[in-house]
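# Survey of secondary and tertiary structure
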Amino acid sequence: MAAAPVGVAAKASTATTAAKFQVSSSFQAPSFAMRPFCSVSAYSAEETLKLVSLLLVLERTIVLPQIDAINDKFAEARDEIEMATEDAETVYFNESAETAREVTNECITLWKQLLEKVSPETKVQLQRSMGLKLEQLKEEVKLLDHLHDDH
């Protein structure tokens, strides 16, 4: 069986990669991106810059929906913490507090999964933009334990 020409294999690989990352079917990688990664010197400075830009666009395509999911879960966790706080002096407190802890843990898990998937540069940017509010969320849910102790 004859091997497919390099360009054909690269196009198939690019199509598979695009499908994995849910990139639009109209996405067309630049011709230089079809070359195998044999050595950096195979690319001009301009091509290298374009390729890096392309990779950043692909990363954003993956990251933005996950950030949206984290923000949605964060808002849900804050609502659950607020409801549990309001239920502090009622028989519903334990159930409300447990729900708040579960949703908070789901949010933190999504956050950790995202940080594992991104480049170090993106990780630093994400930690600067979102890290503090997630640490605050952890502390707010810990306060529920003290509300329970007081009553």
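Above: the structure in question.
To keep things clear, this report deals only with the structure shown in the data block.

### A short note on the overall build of the chain
- From N to C terminus, the chain includes 4 helices and 0 strands.
- Listed N to C, the secondary structure of the chain is α-α-α-α in terms of helices and strands.
- Counting only residues that meet the buried cut, the chain has 30% of its 151 residues in that class.
- A separation of at least 24 residues holds for 64% of the contacts in the chain among residues at least 6 apart in sequence.

### Quick look at the pattern of salt bridges
- Inspection of the entire model under this criterion finds 7 salt bridges.
- With a shortest N-O distance of 3.1 Å, Lys138 and Glu135 are connected by a salt bridge. Of the two residues, Lys138 and Glu135 are both situated in helix 4 (residues 120–150); the distance of 3 residues between them amounts to about one turn of the helix.
- Note on Glu135: relative accessible area 40%, which makes it partly exposed.
- One connected set of salt bridges, linked through shared partners, spans Lys73, Glu76 and Glu106.

### Remarks on the packing of aromatic side chains
- Per the counting criterion, the structure on display carries 0 aromatic pairs.
- For the cation-ring pair, Lys133 lies above Phe74, with the distance from its terminal atom to the ring centre recorded as 4.7 Å.

### Looking at helix 2 (residues 45–86)
- An ideal rise of 1.5 Å per residue puts 62 Å on 42 residues; helix 2 measures up with 59 Å between its terminal C-alpha atoms.
- At Val63, helix 2 shows its strongest bend, of approximately 25 degrees, with the proline Pro65 following within four residues.

### Concerning the environment of Cys107
- Examined against the element boundaries, Cys107 turns out to sit in helix 3 (residues 93–117).
- Not counting chain neighbours up to four residues away, the residues in contact with Cys107 comprise Ile70, Lys73, Phe74, Leu134 and Leu137.

### Topic: the side chain of Glu80
- Within the element layout of this structure, Glu80 appears in helix 2.
- Contacts of Glu80, omitting those with residues within four sequence positions, involve Ser96, Thr99, Ala100 and Val103.

Rules used in this analysis
Residues numbered from 1 in each chain as written. Predicted model: local features only at pLDDT ≥ 70, side-chain atom pairs only at ≥ 80, totals over all residues. Heavy atoms only, no water. Helix = DSSP H or I, 4+ residues; strand = E, 2+ residues; numbered from the N terminus. Buried < 20%, exposed > 50% of the residue type's maximum accessible area, 1.4 Å probe, protein only. Contact = heavy atoms within 4.5 Å. Salt bridge = Lys/Arg side-chain N within 4 Å of Asp/Glu carboxyl O. Phe/Tyr/Trp six-rings, centres within 6.5 Å; stacked < 30°, edge-to-face > 60°. Lys NZ or Arg CZ within 6 Å of the ring centre and 35° of its normal. Expected span 1.5 Å × (residues − 1). Bend = angle between axes of the 7 residues up to and from the residue.

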